[in-house]
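So the chains spell out like this:
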Amino acid sequence: MNSPQNRADRVVLAVDLGTGGPKIGFVALDGTVIWSDHVAVLTDYGPGGAATQNAGLWWAIIRDTVRRGLREGGVRGEQVAGVSITGQWASTVPVDADGRPVGPCVMWMDTRGAPYSRKRIGGRLQGYRARALASWIRRNGGIPTPSGDDPVGHMLHLQHDAPDVFSCARWLLEPVDYLSMCFTGRAAASHASMMGAWLTDNRDLTALDYDDTLVRLAGVDRSKLPPLVPTGSIIGPVAPAVAADLGISPDAQVVTGTPDLHSAAIGSGAVGRGELHMTISTTSWISCPVAGKKTDAFHQIATVPGIDPQSYLLVNNQDTAGRALQWLRDTVFDGAGLDYPELTALAGTAPAGSNGVLFTPWLKGEHSPIDDRNARGGFHNLSLATTRADLTRAVLEGVAYNSRWLLGAVEKFTGGTANRPIRLIGGGARSDLWCQIIADVCGRSCERVADPLNAQLRGAALFAAVGIGAVDRAELRDLVRVDAVFEPGPEQHRVYDGLFAEFPGLYRAQKGMFARLNG
């Protein structure tokens, strides 16, 4: 294993491809972000549920940004020892044999495949055909959605609605695997990168193939699925022409791409069995490594292939977290001109409990711990005395109540083994107040990772560092620095206990209304 001195002069070129565009950075092998920048990319929305992006534009942006980063960041091209891609998943890029896109990327929220998905798997058991649901849960742990917004829906949409694109496509790739192919010229995927396609038998993560039964049930073209390699393995070196074009070392090794869930786990340092991390970003989730395959369909919690071929990660998602604060600023407080630090400072002037105001953050429906796309958010228990400060703090607390609700389901799912302090990452974790509210609401010690906004970029780099043998997995928790610890305050926790007792009941009381108004 490399010593810290040997690591200092080697870096990883890391890319975090979010829905809003790629973040590109040079990261030292100890996880220190040396230089990074984010370039925005717009999503094109169209009729019938279309949502696409120009995948070729991602690659053009990455090429330009890497060159600029070498000029501005004080990094020499020959220092680049590895390349690692992370980011959005459950999107689909159709490419030719050379890795060039032959159509736009069908994004994770694109629902044009819904009619074909419903025909393949739809039924009366929670929206599924009983036999299909049983086959998928037994083999994989998850199942494609009848709403069509996942790779199976995308593939079926391309096959039926865009036959020209489908016929020109040699491979149908996840975004992280497409970008890895841009660097290497090789089509390759892993159990982790393909987790959103639900086409692998996850009872045995060493079986590097798609499951015949699931492929048949899905009705997708197996020949267009990329070959599987072990999660965390090296796909190969950067192609010589690409290395020359970017100005980096041709010896740099490209590690398999990972979903943002996996890079978040590594970037938080919570990589041991039962070690929790919570992301406070546009959305939110609570995850930890777990021992084996398991599914809780009622709470939409499951395990997926983990950060190596021997492990699993817990997966769930709360659809609106930081996005709720953005909504408050842009819609409710339109014209006030408040930035996020000013918003959280305003929230800090209200007492714990927001003078009894409760906010339910289901502005886009919900997945976990209740699976209800018809659910909608709201402020509750308002009065003429309610202030902007109460409303703002109630949004922060509402996200925390939702996280506590999910945390209870996670603790039950893991049999109580996930009982260590929670590592906090994501843009929302930059707020001391929000971190403290989460600790107070959940009654758990919370550790904020330093530079939480770049946790996934750091995680991608450390993933590569492990892959190339420069870092041992056992070092990861200590390599990720914590800059603050938030302990729950007994008085605040008592206040939040009383308010949280009302929170799940607000959903149960309104569930029927949500279905009637939004179904």
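Remember, predicted model here, so these are calculated numbers, not experimental data.

A. Examining a positive patch on the surface more closely. A surface patch of like charges, here positive, comprises Lys119, Arg120, Arg129 and Arg216. Inspection of the secondary structure assignment puts Arg120 in helix α3 (residues 114–121).

B. Layout of the nonpolar core. Residues Leu276, Tyr401 and Ile438 are the most contacted members of the largest nonpolar core, which totals 57 residues. Element by element, the count of residues in this core is highest for helix α13 (residues 388–413), at 13 residues. Core analysis: the second largest hydrophobic core is formed by 45 residues, Val41, Trp59, Val95 and Ala252 among them.

C. Geometry of the UniProt feature "domain: Carbohydrate kinase FGGY N-terminal" (unreviewed entry) in the chain. Look at the UniProt record and you will see "domain: Carbohydrate kinase FGGY N-terminal" (unreviewed entry) annotated at residues 12–267. Overall, residues 12–267 shows 33% helix and 22% strand. The separation of its end C-alpha atoms is 14 Å.

D. Just the sheet that holds strand β5 (residues 50–53), in detail. Here we have 3 strands laid out as an open sheet, ordered β4-β5-β8, and antiparallel in their pairing. In this open sheet, the two strands that pair with only one neighbour each are β4 (44–46) and β8 (105–106). The sheet contact formed by β5 and β8 spans 2 bridges and is antiparallel. Bridged to Gln53 within β8 is Cys105.

E. View of the packing of aromatic side chains. Within the structure shown, the criterion is met by 17 aromatic pairs. Seen in terms of ring centroids, Trp362 and Tyr507 are 5.8 Å apart; in terms of plane orientation they differ by 85°. Their pairing is edge-to-face. Placement of the pair is Trp362 in the loop between β20 (358–360) and β21 (378–380) and Tyr507 in helix α18 (residues 503–518), with a sequence separation of 145 residues. An aromatic cluster of at least three residues, connected via ring pairs, comprises Trp362, Tyr401, Trp405, Tyr496, Phe500, Phe503, Tyr507 and Phe514. We note Lys224 situated over the ring of Phe166; from NZ or CZ to the ring centre the distance is 4.8 Å.

F. Representation of the UniProt feature "domain: Carbohydrate kinase FGGY C-terminal" (unreviewed entry) in the chain. As recorded in UniProt, the feature "domain: Carbohydrate kinase FGGY C-terminal" (unreviewed entry) lies at residues 298–467. End-to-end, the C-alpha atoms of residues 298–467 are 36 Å apart, and along that stretch the chain is 41% helix and 14% strand.

G. Broad picture of the packing of α3 against helix α5 (residues 151–161). It is at 8 Å that the axes of α3 and α5 come closest, and there the two elements cross at 110°. As summarised for this structure, α3 and α5 are arranged roughly perpendicular, according to the angle between their axes. In this structure, α3 meets α5 at a crossing whose hand is right-handed. Taken together, the residues of α5 that come into contact with α3 (itself represented by Tyr116, Ser117 and Arg120) are Gly153, Leu156, His157, His160 and Asp161. Here the contact of α3 with α5 is built from residues that sort into 2 nonpolar, 4 polar and 2 charged.

H. Local environment of unusual backbone geometry. The omega torsion across Ser368 and Pro369 is 5°, close enough to zero to call that bond cis. Position of Pro369 among the secondary structure elements: in the loop between β20 and β21. Its identity as a non-glycine residue notwithstanding, Asn381 has a phi of 70°, on the positive side. Tracing the backbone through its elements, the reader meets Asn381 in the loop between β21 and α13. The class of Asn381 is exposed, set by a relative accessible area of 56%.

I. Examining helix α7 (residues 175–184) more closely. Burial of α7 is extensive: 10 of the 10 residues sit out of reach of the surface. Regarding α7, the residues found buried are Pro175, Val176, Asp177, Tyr178, Leu179, Ser180, Met181, Cys182, Phe183 and Thr184. Gly185, located one to two residues past α7, shows a positive phi value of around 80°.

J. Broad picture of the pairing of strand β1 (residues 11–18). The buried fraction of β1 is high, at 7 of 8 residues. Taken together, the 7 bridges between β1 and strand β6 (residues 80–87) define a ladder with parallel strand orientation. The residue of β6 that forms the bridge with Leu13 is Val83.

K. Fine view of the packing of helix α11 (residues 322–332) against α13. Viewed as axis vectors pointing N to C, α11 and α13 meet at an angle of 165°, and their least axial separation amounts to 9 Å. In terms of axis orientation, α11 runs roughly antiparallel to α13. Between α11 and α13 lies a crossing whose hand is right-handed. Seen from α11, the contacting residues are Ala324, Leu325 and Leu328; seen from α13, they are Leu391, Thr392, Val395 and Leu396. In terms of residue class, the contact of α11 with α13 is made up of 6 nonpolar, 1 polar and no charged.

What counts, and where the lines are drawn
- Residues numbered from 1 in each chain as written.
- Predicted model: local features only at pLDDT ≥ 70, side-chain atom pairs only at ≥ 80, totals over all residues.
- Heavy atoms only, no water.
- Patch = residues over 30% accessible without salt bridge, like charges linked within 9 Å, V, L, I, M, F, W, Y side chains within 5 Å.
- Areas by Shrake-Rupley, 256 points an atom, 1.4 Å probe, with all protein chains shown as cover.
- Salt bridge = Lys/Arg side-chain N within 4 Å of Asp/Glu carboxyl O.
- Lys, Arg positive; Asp, Glu negative; His and termini not counted.
- Charge placed at Lys NZ, Arg CZ, Asp CG, Glu CD.
- Helix = DSSP H or I, 4+ residues; strand = E, 2+ residues; numbered from the N terminus.
- Core = buried A, V, L, I, M, F, W, Y, C linked by side-chain atoms within 4.5 Å.
- Buried < 20%, exposed > 50% of the residue type's maximum accessible area, 1.4 Å probe, protein only.
- UniProt positions renumbered as here; feature names shortened; annotations may be inferred.
- Pairing = 2+ DSSP bridges.
- Phe/Tyr/Trp six-rings, centres within 6.5 Å; stacked < 30°, edge-to-face > 60°.
- Lys NZ or Arg CZ within 6 Å of the ring centre and 35° of its normal.
- Axes fitted to C-alpha atoms, helices over the stretch in contact; angles between N-to-C directions.
- Parallel < 35°, antiparallel > 145°, perpendicular 65-115°, else oblique.
- Left-handed = near helix turned anticlockwise from the far one by under 90°.
- Contact = heavy atoms within 4.5 Å.
- Nonpolar A, V, L, I, M, F, W, Y, C, P; charged D, E, K, R; others polar.

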